[in-house]
Amino acid sequence: MLSFAWISGLVLVSLYFRNIWKYYKLNKRPYVGDLVGELPELTVIVPFRNEAPHLSERIQSLLQQDYPKSKFRVLLVNDHSTDDFRKHLLDLPSHFSVLNLPDQLQGKVSALDYAIELTHSEWIVCSDADCTTGKNWLRSFFENELADDTIALCGPVRIQSDGSLIQELQFLDMIGVMGMTAAGHRGLDFAFANGANLAFRKSAFLEVGGFKGSEQWLAADDMWLISKFSNLKNKQILFIDKPTAEVTTFPELNWGSFFKQRIRWAGKTSSYTNPNMFYQIGVAYAFSVYLLVVALLCLVDVSFLAVLVVFFVGRFSADFLYLQFMTKKYGHQLDRRSYLMVQCLHIFYIVAAGFLALGKKRYKWKDRILN
């Protein structure tokens, strides 16, 4: 049993190191491209439901965009909110519109579909109401020349952190995912996306049938759509790897809501169709399961302690160097003081969320029960 633990650990750590090295190499490539002569017209769509605490900040970040006002329109789509959101929608400029979702429709996908049908621009940018951006956000997406076969643009997402353990865990987790996302687009042959920072051509959206078919996977509209785009022949999906293209979102503030969110996110995995993506996620998950199993074996046989120390330190070191590089790349800082505890919690939550998501069919989100 001990020999098997050493051998399987060597295999997993080798695969894991290989993946992390690829992420590092591919993320070192700078984003390059010729400046565009004229910025395209676009529509920004922001669905919201009971987001009054965040709506004012989201609107303010859109008002401050360094993008010609004649070139973009903002559609704020109210998904039957029951809070006092209206006080944040007063005195909006003419290029902002507020849409109320009809009574027979509900949910983020319906809100996006409803707004997209009303748009006239070729480019559509989707974001969430609980996000903020810098003033160059929109310009960062479109200031470089885009080939005619480029149909979608994915941007980085960061979760805010005040340095507390729960927020630092979410911050580093998302930074790591962004590195994997960029690497997938740049050479690992899989497309990953986050609906909080996603742009696409309306013609491509209509060509793939929009979100039709994504209903069977809760909260997987972004991955469903990017997967459909990636199946189109001779088309490109780009990751806009610039700090100025980053969207910042708020963290979950307690452990209960954090685990509920991550179980919901883990449920998206069944919607993934790319084998390369499954491999990347599978290696990380298998390595996490392995470390937890070995930790449990240490309780009955102390000889497994050496196995645990060697492979945990290996993972700890690889992740530390990778995350230190990624945080620096986006102008942030890795909190070394809490990193050890963050790493332990990260391994545990990955395994727990993945396992619990297997049989989870009902989720509570935005005061609704989703099936």
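Along each chain, residue indices are assigned from 1 in the same order as the chain's sequence is written. Reporting of local features is limited, given that this is a predicted model, to residues whose pLDDT is at least 70; pairs of side-chain atoms are given and counted only at 80 or more, and all residues count toward the totals for whole chains, interfaces and linings. The side-chain numbers reported here are obtained from all heavy atoms of the structure, hydrogens and water having been left aside.

**A few points about the overall build of the protein chain**
Step number 1: Strands are runs of DSSP state E lasting at least 2 residues, helices are runs of H or I lasting at least 4, and numbering of each runs from the N terminus. Within the protein chain, the secondary structure is distributed over 11 helices and 12 strands.
Step number 2: Over its C-alpha atoms the protein chain spans a radius of gyration of 21 Å, differing by no more than 12% from the 21 Å that the globule rule assigns to 371 residues.
Step number 3: Only protein chains enter the accessibility calculation, which uses a 1.4 Å probe. A residue is then buried if its area is under 20% of the maximum for its type, exposed if over 50%, and partly exposed in between. Looking at the 371 residues of the protein chain, the share that counts as buried comes to 53%.
Step number 4: Contacts between residues were defined by any pair of non-hydrogen atoms, one from each residue, lying within 4.5 Å. Considering only intrachain contacts with a sequence separation of at least 6, the fraction spanning at least 24 residues in the protein chain is 80%.
Step number 5: A residue counts as positive if it is Lys or Arg and as negative if it is Asp or Glu; His and the chain ends are not included. To locate a charge, take NZ of a lysine, CZ of an arginine, CG of an aspartate or CD of a glutamate. Side chains of the protein chain give 39 positive and 35 negative charges; the mean places of these two sets differ by 4 Å. For the radius of gyration, the atoms used are the C-alpha atoms, and the globule rule reads 2.2 Å times the number of residues raised to 0.38.

**Comments concerning the packing of aromatic side chains**
Step number 1: Here a pair means two rings of Phe, Tyr or Trp (six-membered ring of Trp) with centres within 6.5 Å. Their orientation is stacked below 30 degrees between planes, edge-to-face above 60, and tilted elsewhere. A full pass over the atoms with the stated rule returns 23 aromatic pairs.
Step number 2: Where Phe200 meets Phe229, the ring centres are 5.8 Å apart and the plane angle is 50°; that geometry is what we call tilted. Pair noted here: Phe200 is in strand β8 (residues 197-201) and Phe229 is in helix α7 (residues 221-230), with a separation of 29 residues, a long-range link.
Step number 3: Here the aromatic cluster, defined as three or more aromatic residues joined through ring pairs, consists of Trp6, Tyr16, Phe287, Tyr290 and Phe311.
Step number 4: Sitting above the plane of the Trp137 ring, Arg58 keeps its charged end 5.2 Å from the centroid. To sit over a ring, a charge needs its Lys NZ or Arg CZ within 6 Å of the ring centre and within 35 degrees of the ring normal.

**Remarks on the layout of surface pockets**
Step number 1: Grid points spaced at 1 Å and placed over the protein atoms alone form the basis of the search, with a cavity being a set where a 1.4 Å probe fits but cannot get out and a pocket an open set showing protein on both sides within 12 Å along at least five of seven lines. Lining residues have an atom within 4 Å of a point. Grid points are joined across faces, edges and corners, and a volume is the space filled by probe spheres set on the points. Considering only enclosed or pocket space, the second largest pocket measures out at about 460 Å³ in volume.
Step number 2: Lining the second largest pocket we find 21 residues, and of these His185, Arg186, Gln236, Ile237 and Leu238 sit closest to its centre.
Step number 3: The nonpolar class holds Ala, Val, Leu, Ile, Met, Phe, Trp, Tyr, Cys and Pro. Asp, Glu, Lys and Arg form the charged class, and all remaining residues, Gly among them, are polar. Per-class residue counts for the lining of the second largest pocket are 9 nonpolar, 8 polar and 4 charged.

**A look at a nonpolar patch on the surface**
Step number 1: Note that patches include only residues with greater than 30% relative accessible area and no salt bridge, and the join distances are 9 Å for like charges and 5 Å for nonpolar side chains (Val, Leu, Ile, Met, Phe, Trp, Tyr). Only the protein chains shown count as cover for residues, and the accessible areas themselves come from Shrake-Rupley with a 1.4 Å probe. Think of a salt bridge as a Lys or Arg side-chain nitrogen and an Asp or Glu carboxyl oxygen that are within 4 Å of each other. A contiguous nonpolar patch, built from Val302, Leu305, Val309 and Val313 and spanning about 350 Å² of accessible area, is present on the exposed surface.
Step number 2: Position of Val313 among the secondary structure elements: in helix α10 (residues 305-329).

**Topic: the packing of helix α1 (residues 2-27) against helix α9 (residues 275-298)**
Step number 1: Helix axes are fitted only over the stretch in contact, all axes being lines through C-alpha atoms; the angle between N-to-C directions runs from 0 to 180 degrees. Look at α1 against α9: their axes get within 10 Å of each other, and the N-to-C directions meet at 140°. Put simply, α1 runs oblique to α9. Considering how the two elements wind past one another, α1 and α9 form a crossing that is left-handed. Where α1 abuts α9, its residues Ala5, Trp6, Ser8, Gly9, Leu12, Val13, Leu15, Tyr16, Arg18, Asn19 and Tyr23 lie against Tyr279, Gln280, Val283, Ala284, Ala286, Phe287 and Tyr290.
Step number 2: For the contact of α1 with α9, the per-class residue count stands at 13 nonpolar, 4 polar and 1 charged. An angle counts as roughly parallel when it lies under 35 degrees, as roughly antiparallel when it exceeds 145, as roughly perpendicular when it falls between 65 and 115, and as oblique in every other case. Should the near helix be turned anticlockwise from the far one by less than a right angle, the crossing is left-handed, and should it be turned clockwise, the crossing is right-handed.

**Brief notes about empty space enclosed by the protein**
Step number 1: All chains considered together, the criterion is met by 1 cavity of 30 Å³ or more.
Step number 2: Its volume calculated, the largest cavity comes out at about 40 Å³.
Step number 3: Among the secondary structure elements, those contributing two or more residues to the lining of the largest cavity are α3 (108-118) and α7.
Step number 4: No other element matches the 3 residues that α7 contributes to the lining of the largest cavity.

**Regarding the state of the cysteines**
Step number 1: The term disulfide is used for any two cysteine sulfur atoms that are within 2.5 Å. One pass over the full model with this rule turns up 0 disulfides.
Step number 2: Take Cys126: it sits in no disulfide, and the sulfur closest to it among the cysteines is that of Cys154, at 11 Å.
Step number 3: Looking at Cys126, the relative accessible area reads 5%, which means it is buried.
Step number 4: Cys154 sits in the buried class, given a relative accessible area of 1%.

**Digging into the sheet that holds strand β9 (residues 236-239)**
Two pairing modes exist for strands in a sheet, parallel and antiparallel, and in both the strands are linked by backbone hydrogen bonds.
Step number 1: Any two strands are treated as partners once DSSP identifies two or more bridges connecting them. Taken in spatial order, the 7 strands of this open sheet run β3-β2-β1-β4-β8-β6-β9, and their pairing is mixed. Only two strands of the sheet have a single partner each, and these edge strands are β3 (96-100) and β9. Mean inter-strand twist for the sheet, computed between neighbouring axes without regard to direction, equals 20°.
Step number 2: Of the strand pairs in this sheet, strand β2 (residues 72-78) and β3 are connected by 5 bridges, and their pairing is parallel. Each residue of the ladder has a partner; that of Leu76, found in β3, is Val98.

**Concerning the environment of Trp265**
Step number 1: In this fold, Trp265 is placed in helix α8 (residues 255-266).
Step number 2: Residue Trp265 is classed as partly exposed on the basis of its relative accessible area of 28%.
Step number 3: Linking Trp265 and Ala353, residues 88 residues apart in sequence, is a C-alpha distance of 8.6 Å.

**Observations regarding the nonpolar core**
Step number 1: Working definition of a nonpolar core: buried Ala, Val, Leu, Ile, Met, Phe, Trp, Tyr and Cys residues. They are joined through side-chain atoms within 4.5 Å. In this structure, Leu42, Val44, Phe142, Phe200, Ile226, Phe229 and Tyr290 are the most contacted members of the largest nonpolar core, which totals 109 residues.
Step number 2: A per-element tally of this core places helix α5 (residues 165-188) first, with 11 residues.
Step number 3: Ignoring anything within four residues of it in the chain, the contact list for Phe229 reads Ile151, Ala152, Phe200, Ala204, Phe205, Val208 and Ile237.

**Structural notes on the pairing of strand β4 (residues 123-127)**
Step number 1: Most of β4 sits out of view: 5 of its 5 residues are buried.
Step number 2: Burial along β4 is two-sided: the residues Trp123, Val125 and Ser127 and Ile124 and Cys126 are all buried.
Step number 3: Inspection of the sheet shows strand β1 (residues 42-48) paired to β4 by 4 bridges, in the parallel sense. Bridge pairing in β4 links Ile45 to Cys126.
Step number 4: Of the pairings in the sheet, the one linking β4 to β8 comprises 5 bridges and is antiparallel in character. Residue Ile124 lies in a different strand from β8, and its bridge partner there is Phe200.

**What to know about the packing of α5 against helix α11 (residues 339-357)**
Step number 1: At a minimum axis separation of 10 Å, α5 and α11 run at an interaxial angle of 70°. Here α11 runs roughly perpendicular to α5, going by the angle between their axes. Our pair here, α5 against α11, has a crossing hand that is right-handed. Contact residues: α5 offers Leu165, Glu168, Leu169, Leu172 and Asp173, while α11 offers Tyr339, Met341, Val342, Leu345, His346 and Tyr349.
Step number 2: Among the residues making up the contact of α5 with α11, the classes are represented as 8 nonpolar, 1 polar and 2 charged.

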